[in-house]
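A closer look at the structure
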Protein chains: 2
Amino acid sequence: MARVAGVSVSTVSRTINGTAFVAEDKRQAVNRALQELGFQPNYLAKSLITGRSMTVGVIAEDIVSPYYADVIRGFEHGLFDTPYQPVLQSGHWSQQRESGAIETLIYRKVDALVLLGSTLPGEELLDIAGRVPLVVFGRHVPELDARCLTLDQYQGAYLATRHLIELGHRDIAHLRGPDGQQDAEERLRGYQAALRDNDLPSPPELVVQGDFLEQAAYQGTLRLLGNGCPFTAIFAANDQMAVGARLALYRQGLRVPDDVSLVGFDDLPGSAFTTPPLTTVHQPTYQIGRALAAHTLGLLQGEMPTLPDFPLTLSIRESTRSLRRTAARRPAL
Amino acid sequence: MARVAGVSVSTVSRTINGTAFVAEDKRQAVNRALQELGFQPNYLAKSLITGRSMTVGVIAEDIVSPYYADVIRGFEHGLFDTPYQPVLQSGHWSQQRESGAIETLIYRKVDALVLLGSTLPGEELLDIAGRVPLVVFGRHVPELDARCLTLDQYQGAYLATRHLIELGHRDIAHLRGPDGQQDAEERLRGYQAALRDNDLPSPPELVVQGDFLEQAAYQGTLRLLGNGCPFTAIFAANDQMAVGARLALYRQGLRVPDDVSLVGFDDLPGSAFTTPPLTTVHQPTYQIGRALAAHTLGLLQGEMPTLPDFPLTLSIRESTRSLRRTAARRPAL
DNA sequence: TTGTAAGCGTTATCAG
DNA sequence: CTGATAACGCTTACAA
C-alpha cells in the first residue's frame, strides 16, 4: 500500500487518521492508492497498539424479549454516528451464560460493558467494574450507584393499583412475577402498599405466582377464577402475563373491561394493539437505551456522567373501566 | 507471565493452546502462574497472527422484531459450546445502515457473515460473498443458491387462503405487506393463486396496502370496512398486521371469528395468546436459526454443507371458523 | 521437549 | 512535514 503510493507507512497512517499534516500531493497519492487497492486498515493491529477496540459490549438477559429489544434499539441509535460499535450478546437468564458472555466480551477487549438486567451477585458485578467500565440497567449495586440505572418498580405498581382503586375496584388480584426476582418483588410490594394505603384487604388467595410469561398467567388466572375469592380487577406483573390472563378470561366468557379490569406493566410495543388495548405501566425503554448510550459515551471520554431519572407513568387505555358504571360482582365461572 | 512460570513465551503459548507436547512439570508451572496472575491471552494479538477472530457476524434487519429475535435465539443456541461467538448488529431496514454494519463486521474480521433478511441488491451480496463466507436467510440470490435459506412464502400464503376457502369463505380480503418487498409480493401471489384455483373472484378493492406493522393494518381494515365491498375473512400478510386488523374489527363491534375470520403469517411467540388465538402460517424460526448456525459452522470447517428445506405449515387456532355455521354477510359498519 | 527470533499490520517516537 | 524504527502480544518456524 505504502509502496503503491510511493510514501512511507507512517504517512499513510497519518493521512488516514488525520493525526498530522500531510502535504497535499502526498495525501492525494495516498488517497489514490487507497481507492485503487480498496485498502482497509487492519482493525486488529490498530487496536492491538492503541489498546482500544472502539466497541461496547451489550449483554441483555434475553435479546428475544421485546422489552430489552426496545432498550437495545435506543442504545444502538445512541451510538449511530459515533466511532463506537455495539456488540450484542445474550445472558439467557443464566448466571453461567452471563458470566461466559461477560468474559468473552472482556476478552474481546470491549471498551465498555453494558448489562441489561443481570442475575449475577453484586460482588461479582463489582469485580467486573474493576476490570472494564461498566453500566448496569435494572439492577442496583450500592457501590456502583452512579453506574446503575433502575426504575422505581414499586412506584409503578403503586400507580397501577391506585388507578384501579380510583375506578372503584376493591377486590384486586395480582399475578406476580418469579419468586426472588427483584422487579417482581418490588411490584408486589407496590401493589400491597396501594391496597393498604386505601384500607383495602389483600387476601393472599388473590396473589398468584407466575414467571413473567403468558402460559403461567393463563393457568394462574384460571385458578384465580376457580378458588372462590371474588375480584373485579387484575394487576399483572407484566404485559405478557396480562395477555395470558386476558386469554383465560376470554375462554371463560368474561369480558375485559366490562367484567374484569386488567392492568399490565412494561407497555410493550404490542400492548397498544391488544384487544382491548391494554392499560399498563409505561417504561420508556427506548429513551432508557439512549440514556445508557450517552452515559457510556461520556464514561469513555473520561467524564463522570450521571444517569437521568425515569419516572414510570401509567398508559391508560381500554382494559380498565370504572366499577361505578357496572355492578360489582363476582365473575361467573 | 513467562517469567513467573520460569519458561519461555513459546512454552506458555503451547500449554495454553495444546499445540505441542510440554513436559509435565513445566506445564504445571505454567498453569500455576496462569492461576496466580489471572492471565488472559490478548485476543487481538492472537487474531492478528492467526488471521481468525472466532466470531461470526449476524446482521438482522431488525433485532427488535420478534420474528428475527427467534431466529437469533436459535442461532445463538447453535453456537453454544463452540469456539465461535455471534456478534449481532441491526440493519435497520436501510441499505445504508446494512452496508455500514456489513463493512464494520468485515473490518472487525468476523470469520463469517450471516444476513437475516437483506435489502441489498443481489450483486452487492455477491460481492460481499467474495470477501467473507456468507449465509443469507430470507433472500434468494441465484449465484449464491447454496448459501441462501428461503421459505416458500407463496406456498404459505396459498395454504392460509385455501384454509379460508375450505371453511366456506368466498370474499377474502388481503392486508398486504410493503410494495416491492419480496416476501410481501410472494404472499400476495399465493393469495391470488388460491383464489384463482378455486374460481373465486379477487376484486382489487379487497387488497389493501400495509407495511407489516399494526397501525397501517388498523387503518387499512377500517378502509376495507368502509369501501362497500363485502368480505367475511381477512388474510393478513403477517401477524402484526393481523393484530392491527383485529383491533379495528373490535372497535367496529365485529367479532372474530364469528363475524370475520382472520389469518396471519409468521406465528410469532405472542400469536398463540391473542384473543382469540390467531390462526397463522407457522415459520419454524428457532429451527431456522439452528440450521443457519450449523451451516455456518460447516462452512467455517471447510465443508460444503447444504441448507435444509423448511416447509411452512398452518397453525390452526381460534380466529377462523367455518362460514357454513354462520350466515355469509357483509359486516355491518 | 524447549528456547530464540521472525513476523502479523498498525501507531508512536524520534530524528531529520 | 516525513521516514525509519521500535513497540503492541501473540504464534510459529527453526534451532538446539
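Residues numbered from 1 in each chain as written. Chains lettered and ligands numbered in written order. Predicted model: local features only at pLDDT ≥ 70, side-chain atom pairs only at ≥ 80, totals over all residues. Heavy atoms only, no water.

Moving on, we get to the protein's contact with DNA strand C. Taken together, 23 residues sit near DNA strand C, with Ser13 of chain A together with Ser10, Thr11, Ala23 and Ile49 of chain B positioned nearest. Here the atoms of DNA strand C within 4 Å of the protein split so that 60% fall in sugar or phosphate, with bases taking the remainder. The contact in question runs from a phosphate oxygen of DNA strand C to an N or O atom on the side chain of Ser13 of chain A, over 2.5 Å. Separating a base nitrogen of DNA strand C from a side-chain N or O atom of Arg14 of chain B is a distance of 2.7 Å. For the surface near DNA strand C, the elements supplying multiple residues, two or more each, are α2 (9-17) and α4 (43-50) of chain A together with α2 (9-17) and α4 (43-50) of chain B. Here the surface near DNA strand C is composed, by residue class, of 10 nonpolar, nine polar and four charged. (Near = heavy atom within 4 Å. Polar contact = N/O pair within 3.5 Å; in protein donor to acceptor, adjacent residues only side chain to side chain. Helix = DSSP H or I, 4+ residues; strand = E, 2+ residues; numbered from the N terminus. Nonpolar A, V, L, I, M, F, W, Y, C, P; charged D, E, K, R; others polar.)

Residues and elements named next belong to chain A. Here chain A is partitioned into domain 1 (1-41), domain 2 (51-150 + 285-308) and domain 3 (153-278). For domain 2 versus domain 3, the separation of C-alpha centres amounts to 31 Å. Contacts between the two partners involve four residues from domain 2, matched on the other side by four residues from domain 3. Counting the surface lost from both domain 2 and domain 3, the interface buries some 480 Å², and carbon and sulfur atoms represent 55% of this. Counting across the domain 2 and domain 3 interface gives zero salt bridges. Linking domain 2 to domain 3 there are zero residue pairs in polar contact (both at pLDDT 80 or more). The residue makeup of the side of domain 2 that touches domain 3, split by class, is two nonpolar, one polar and one charged. (Domains from an automatic or database assignment. Contact = heavy atoms within 4.5 Å. Buried area = accessible area lost by both parts, 1.4 Å probe. Salt bridge = Lys/Arg side-chain N within 4 Å of Asp/Glu carboxyl O.)

To continue, consider the pairing of strand β1 (residues 55-60) of chain A. Side chains on a regular strand alternate between the two faces of the sheet. Residues and elements named next belong to chain A. Buried residues dominate β1, accounting for six of its six residues. Of the two faces of β1, the one holding Thr55, Gly57 and Ile59 and the one holding Val56, Val58 and Ala60 are both buried throughout. The pairing of β1 with strand β2 (residues 85-90) spans six bridges and is parallel. Looking across to β2, one finds that Val56 is bridged to Pro86. (Buried < 20%, exposed > 50% of the residue type's maximum accessible area, 1.4 Å probe, protein only. Pairing = 2+ DSSP bridges.)

Our next topic: unusual backbone geometry. Phi is mostly negative for residues that are not glycine, and the peptide bonds are mostly trans. The omega torsion of the bond from Val256 of chain B to Pro257 of chain B falls at 5°, within 30 degrees of zero and hence cis. With respect to the helices and strands, the residue Pro257 of chain B is situated in the loop between α11 (239-251) and β9 (261-266). Cis rather than trans, the peptide bond between Thr275 of chain B and Pro276 of chain B has omega equal to -10°. The residue Pro276 of chain B is located in the loop between β9 and β10 (279-282) in this model. Not every positive phi belongs to a glycine, and Met54 of chain A is a case in point at roughly 60°. Note on placement: Met54 of chain A falls in the loop between α4 and β1. Looking at Met54 of chain A, the relative accessible area reads 21%, which means it is partly exposed. One non-glycine residue with positive phi stands out, namely Trp93 of chain B, at about 50°. Position of Trp93 of chain B relative to the elements: it lies in the loop between β2 (85-90) and α6 (95-107). Judged by relative accessible area, Trp93 of chain B falls into the partly exposed class, the value being 45%.

With that settled, consider the sheet that holds strand β11 (residues 313-315) of chain B. All names here are of chain B. Read across the open sheet, the six strands follow the order β7-β6-β8-β9-β10-β11; overall the sheet is mixed. Whereas interior strands pair on both sides, the edge strands pair on one side only; in this sheet they are β7 (207-208) and β11. As defined by bridge partners, strand β8 (residues 233-236) adjoins β9 across three bridges and the pair is classed as parallel. Considered in β9, the bridge of Ile234 is made with Leu262.

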